[in-house]
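Close look at the chain arrangement
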Amino acid sequence: MTRVHTPTIRAALLAASAAGALALLPGDAGAAGLYFTDRGVRPSSRGGAYIAGGDDLGAIAYNPAGVYEAGTQVLLDVGLFEWRSEHTRQAIVRQVDPNTGEPTGASFVQTMEPVTGSAPVLPIPTLAASFRVDPRWVVWGGMWAPYAALSSYPEQVKGMPAPQRYALFTLEGSALAFLGAGAAYAPSPEWRLGAALGALVGSLNSRMVVSGCVPERMFCAPEDPDWDIHSELTVGPIVAPTGQLGALFLPTPRWRIGLAFQLPVWVRAPATFRARLPAAPVFERAVQEGEDADISFDLPWILRAGVEARLVDDLRVELGLGVEGWGMHDDIRVEPDGVVLRNVAGFPEAFRVPPVVVPRRFESSLSARLGGEYSFELAGRRWALRAGVSLEQSAVPPEYLSVLTIDATKLTTAAGLGVHLGRWRLDASYAHAFAADVRVDPREARLPQVSPVQGNPPENPNTINGGAYSARANVVGLGVAYTFDDAASDPEVLR
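This is a predicted model, so every value here is computed, not measured.

Calculation rules
- Every residue gets a number counted from 1 within its own chain, in the order that chain's sequence is written.
- Under the rules for a predicted model, residues below a pLDDT of 70 receive no local features and side-chain atom pairs below 80 are neither given nor counted, while totals for whole chains, interfaces and linings still include all residues.
- Only hydrogens and water are set aside when side-chain values are computed; all heavy atoms of the structure are taken into account.
- In this text, helices come from DSSP runs of H or I with a minimum length of four residues, and strands from runs of E with a minimum of two, each type numbered from the N-terminal end.
- Note on aromatic contacts: the rings of Phe and Tyr and the six-membered ring of Trp form a pair at centre separations within 6.5 Å, being stacked when their planes are under 30 degrees apart, edge-to-face when over 60 apart, and tilted otherwise.
- Summary of the burial criterion: residues with accessible area below 20% of their type's maximum are buried, those above 50% are exposed, and those between are partly exposed, where the area comes from a 1.4 Å probe applied to protein chains only.
- Surface patches are defined over residues having more than 30% relative accessible area and no salt bridge, joining like charges when they lie within 9 Å and nonpolar side chains (Val, Leu, Ile, Met, Phe, Trp, Tyr) when within 5 Å.
- Areas reported as accessible are Shrake-Rupley estimates using a 1.4 Å probe. Residue values count occlusion only from the protein chains shown.
- Within this document, salt bridges are pairs made up of a side-chain nitrogen of Lys or Arg and a carboxyl oxygen of Asp or Glu, the two lying within 4 Å of each other.
- For the purpose of counting charges, residues Lys and Arg are taken to be positive, whereas Asp and Glu are taken to be negative. His and the chain ends are not included.
- Where a charge lies is defined by one atom per residue type: Lys uses NZ, Arg uses CZ, Asp uses CG and Glu uses CD.
- The pairing criterion is simple: DSSP has to find at least two bridges between the two strands.

What follows deals with the environment of Pro146. Its location among the elements puts Pro146 in the loop between strand 5 (137-144) and strand 6 (156-157). Sequence spacing of Pro146 and Phe178 is 32 residues, and the spatial spacing of their C-alpha atoms is 8.1 Å.

Printed below as a string of structure tokens:
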């Protein structure tokens, strides 16, 4: 047997599993990349148009300057996020010479059984509190979690191994949230300034399969189930810093202009890995020593701007635009920590596993939002009807799309209702995200199957992400806010 000179089993498994875990990340790193809808009950019911019009604790994920007008307030809301996807994989099957194992040049497209992805419907919370420490200052702290799917796919379809197994089985067991604190300042009646520091915290868990097929392919086919390596990766604890800056300009009582900038999220986290090696003779005596690694990747900056008009009494309408710098999410880096592989037939006796880089190749994206609310009196109560729509460009190039990160151009429609009961406000919302169907020509697919025993990259790698993709999501939200005092109504500030 030819000796293989790239000892990458453990590192390749870590890298592939890390890419799978990233299907969840992160809530406020941008819907154009890795989460599906805007978050927060009141903001999402306006289609996410909440950069200029945000005036309560819901603004913590949009524009921290808007929190000034919350005054002293407590907010709790939850979104019930329901998500489903469909994938029909297509792959290029290349014929090989049975004597040499080399490709003959003949190939055809194979269409596999469709699979359905789903996620548990869990309450996704926002919990925040603010306090007016001075007529011009409001401080706040809070926790909010992403509207993202803990997606799962079948392990078998019609009694056979599921065709998407080389990309993902499940993300169940993951838990992520943002923790943050900030302050908002009103230097004059026309200006509000805000800043916040925070971190993405939690852990990620993913299960998937990689192939142990040896590079000559005389012993196996690239997707031979007998050579599958079932893997599970846990990344964490994650404590990834980030921050926000925001401003609001109120030139007249009828107009509000908002601008907000979110810093990138820099993720540097430890990971542990577990694998079940194949029963093939090549691995009969294989021993893996060590299971630790460090994983690093960067998530994007986001620039948001909005203009809200209040040209008619009790009616507020906002137009918002966003730019998300997903181009900085170019790869995932995996640094194994003392991982050694021993006793694989055809390998040297012991390998110290080198670093691995997984390409992602995301691109910057744009989004637009239009939404608002209308307030009225009914039965002695103050009510608010809300509605909005958003259009978001995907940050994932089609050739890199997979069930790890299903994303496409999305149109989201939303509506909601609020009612004031004294100092209490109750909110409800509903949003539906329509994602465009995407077909990845298997000849243009760029995500290779992880085959960690390859000595050198093959001339025609077996790709795993060709085929058709579709997804959609529904969000039902309920929230409650209690306002002790409203800083915006304080005459000492507004004079």
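Applying the stated criterion across every chain yields a total of 11 aromatic pairs. Ring centres of Trp144 and Phe178 lie 6.0 Å apart, and the angle between their planes is 10°; on these two criteria the pair is classed as stacked. Separated by 34 residues along the polypeptide, Trp144 in strand 5 and Phe178 in strand 8 (residues 175-188) bring together distant segments of the chain. Under the relative-accessibility criterion, Trp144 is labelled buried at 6%. Phe178 sits in the buried class, given a relative accessible area of 3%. Plain terms: the ring middles of Tyr482 and Phe484 are 4.7 Å apart, the flat faces sit at 75° to each other, and that makes the pair edge-to-face. By relative accessible area, which is 42% here, Phe484 ends up partly exposed. Among the aromatic residues, ring-to-ring pairing joins Trp140, Trp144 and Phe178 into one connected group.

All right, on to unusual backbone geometry then. Omega for the peptide link from Gly236 to Pro237 comes to 5°, which places this bond in the cis form. With respect to the secondary-structure elements, Pro237 resides in strand 10 (residues 228-252). With phi around 55°, Lys158 is a residue other than glycine that occupies positive phi space. Mapped onto the secondary structure, Lys158 falls in the loop between strand 6 and strand 7 (160-161). Of note, Ala379 is a non-glycine position whose phi angle comes to about 55°, a positive value. Following the sequence through the fold, Ala379 ends up in the loop between strand 21 (365-378) and strand 22 (381-392).

What follows is about a negative patch on the surface. Taken together, the side chains of Glu291, Asp292, Asp294, Glu335 and Asp337 define an acidic patch exposed on the protein surface. By the element assignment, Glu291 lies in the loop between strand 13 (287-289) and strand 14 (292-299).

For the rest of this paragraph, the subject is the pairing of strand 23 (residues 410-421). Sheet topology places strand 22 next to strand 23; 11 bridges connect them, and they run antiparallel. Each bridged residue has a counterpart across the sheet, and for Trp383 the counterpart in strand 23 is Val419. Pairing analysis gives 12 bridges linking strand 23 to strand 24 (residues 424-435), with the strands arranged antiparallel. When the bridges of strand 24 are listed, His420 appears paired with Arg425. In sequence, strand 23 turns back onto strand 24 through a hairpin of 2 residues, with Gly422 there showing a positive phi of about 65°.

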